[in-house]
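# Structural characterization, general
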Amino acid sequence: MFLASWPALDRAAKLVLARAEELNGDHYEVLSPVADALASKHPLAATLALRAMIEFSLDHARSSRYKHAARHLQECANLAPSIADFRKWESVVAP
């Protein structure tokens, strides 16, 4: 959150990409603003932050968050065309 609000968006994106598997989707109060900040210049990093929140909601059956998860999934779909290379993370959006 610090790097995204500083703003040091390049560093924030690198951190998200390097530690994507460690992102705790329960921390939506951090990940939502980070995803918003990264979306325009770092869509893959933003998508990974969004995916962490989606996966947490589904894996832990947090039905109160399903509406947000659906919105995050739509945001991922909107970001997908801006991502030239998903690297090791495959797209969840059908081409």
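Figured I'd write up the structure that's included with this text. Computed from a prediction, not measured in an experiment: that's the story for all the values here.

What counts, and where the lines are drawn
Residues numbered from 1 in each chain as written. Predicted model: local features only at pLDDT ≥ 70, side-chain atom pairs only at ≥ 80, totals over all residues. Heavy atoms only, no water. Core = buried A, V, L, I, M, F, W, Y, C linked by side-chain atoms within 4.5 Å. Buried < 20%, exposed > 50% of the residue type's maximum accessible area, 1.4 Å probe, protein only. Helix = DSSP H or I, 4+ residues; strand = E, 2+ residues; numbered from the N terminus. Contact = heavy atoms within 4.5 Å. Axes fitted to C-alpha atoms, helices over the stretch in contact; angles between N-to-C directions. Parallel < 35°, antiparallel > 145°, perpendicular 65-115°, else oblique. Left-handed = near helix turned anticlockwise from the far one by under 90°. Nonpolar A, V, L, I, M, F, W, Y, C, P; charged D, E, K, R; others polar.

### Comments concerning the nonpolar core
Core analysis: the biggest nonpolar cluster contains 25 residues, and Leu38, Leu44 and Leu48 have the highest contact counts within it. Put simply, the parts of the chain that give this core at least two residues each are helix H2 (9-18), helix H3 (28-38), helix H4 (43-59) and helix H5 (66-79). Once residues lying within four places of it in the same chain are set aside, the contact partners of Leu44 are Leu17, Ile83, Asp85, Phe86, Arg87 and Trp89.

### Section: the packing of H4 against H5
Two elements in contact, H4 and H5, have axes separated by 9 Å at closest approach and are oriented at 155 degrees. As judged from the angle between their axes, H4 and H5 are roughly antiparallel. Both H4 and H5 take part in a crossing whose hand is left-handed. In this structure, H4 uses Pro43, Ala46, Thr47, Leu50, Arg51, Met53, Ile54, Ser57 and Leu58 to contact H5, whose residues at the interface are Tyr66, Ala69, His72, Leu73, Glu75, Cys76 and Leu79. Its residues assigned to classes, the contact of H4 with H5 shows 11 nonpolar, 3 polar and 2 charged.

What is shown is where atoms sit, not what they do.
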